[in-house]
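Overview (structure and organization)
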Amino acid sequence: MLDENLPTYRFRPSTENPQNTLLYFTHNGSDPSPEYLLKRPIPSASPNQYALGLLDVQYASILYAEILLKPDWSQPTLSAAEVRANGGSPVSVAQTPSSFPISLYNPDQTVQVTYKQGSWSKDTWEFEVPERSFKQPSKSKIDQDSSEVLSDLVSKVNFKWKRDGRMNRDMTCYMSGKTVGGKKNKEPDITVALFKGGKTEGALAIYEPNLARVDVEDRKGLEVVLLLSAEVIRDLYLSQRQDPFNTAGSLAAALPLPLGVFVG
């Protein structure tokens, strides 16, 4: 059980649309109030790809972040009988990539989450968040044009989701150090968030006592990354969602969904 005094988001499937999940916020034992909407397009609109967006529950035009991901494809070795049963055509199987990008908006940035397989219960999903995300006001044309060049030099805070065990879908997110000038500096793990993944519902608690030690300017962006990454990991890596890449209808290559597809 999560501590009800911690800021907590509870994941509950929508009764109106099974593709969507409502995130209810509670803090210090308060009554749950709807805060975010996790939205998925219908399978026929996103064949052969995984798509998920995080929107404001009251204003559907506000898109905080989204994920658009195509699977890797492999062809397993089949016996002659299996090939004949399939009409002589090779069978392609969707494989979950080893990483996925989270596209955040206002300010725009991309956070790459990378899966690291470990022994027994030591699987991790690692990502970095910039210490400073907002540009300083400046009339200088040089300052405006140099953001991409300097992005690699920006100090980043390192995080990792770590699975708590093989027999459940629970995870803990830790702050594990910083990346400065492209070099990682590891530090003792500090708990940032806790995720309890049920069969149909889930809950993510922000470990508030340690937030003062997390040197990230865009706290809202970090919260969005935590919420989206936890749901994607549950969908793609913990065998929670059936056919997450919507391959049942067709194995033909599909056009990628445009960014911002979840708005409206």
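This structure is a prediction, so every number in the text was calculated from the model and none was measured.

Glancing now at the overall build of the protein chain. Along its length, the protein chain carries 4 helices and 14 strands. Taken over 264 residues, the protein chain has a buried fraction of 43%. Sequence separation of at least 24 residues holds for 54% of the intrachain contacts in the protein chain that already meet a minimum separation of 6. Counting only carbon and sulfur atoms, one obtains 51% of the accessible surface of the protein chain, whose full area is about 14500 Å².

Turning our attention to the packing of aromatic side chains. Given two aromatic rings, their pairing is described by the distance between the two centres and the angle made by the two planes. One pass over the structure, following the stated rule, counts 10 aromatic pairs. Consider the rings of Tyr36 and Tyr64, whose centres lie 5.4 Å apart with planes at 85°: the pair is edge-to-face. Separated by 28 residues along the polypeptide, Tyr36 in strand β3 (residues 33-39) and Tyr64 in strand β5 (residues 63-69) bring together distant segments of the chain. On the accessibility criterion, Tyr36 (1% relative accessible area) is buried. Aromatic pair Phe127 and Phe159: ring centres 5.4 Å apart, planes at 15°, arrangement stacked. Here Phe159 lies in strand β11 (residues 156-163) and Phe127 lies in strand β10 (residues 124-130), a separation of 32 residues in the sequence. Assigned by exposure class, Phe127 and Phe159 land together as buried.

The subject of this paragraph is the environment of Ala205. Relative to the elements of secondary structure, Ala205 occurs in strand β14 (residues 202-206). Relative accessible area serves as the criterion here: at 0%, Ala205 is assigned to the buried category. In this structure, the C-alpha to C-alpha distance between Ala205 and Leu194, residues 11 residues apart in sequence, is 5.2 Å. Every residue in contact with Ala205, bar those within four places of it in the chain, is listed here: Leu2, Leu6, Pro7, Thr8, Val192, Ala193 and Leu194.

Definitions and limits used
Residues numbered from 1 in each chain as written. Predicted model: local features only at pLDDT ≥ 70, side-chain atom pairs only at ≥ 80, totals over all residues. Heavy atoms only, no water. Helix = DSSP H or I, 4+ residues; strand = E, 2+ residues; numbered from the N terminus. Buried < 20%, exposed > 50% of the residue type's maximum accessible area, 1.4 Å probe, protein only. Contact = heavy atoms within 4.5 Å. Areas by Shrake-Rupley, 256 points an atom, 1.4 Å probe, with all protein chains shown as cover. Phe/Tyr/Trp six-rings, centres within 6.5 Å; stacked < 30°, edge-to-face > 60°.

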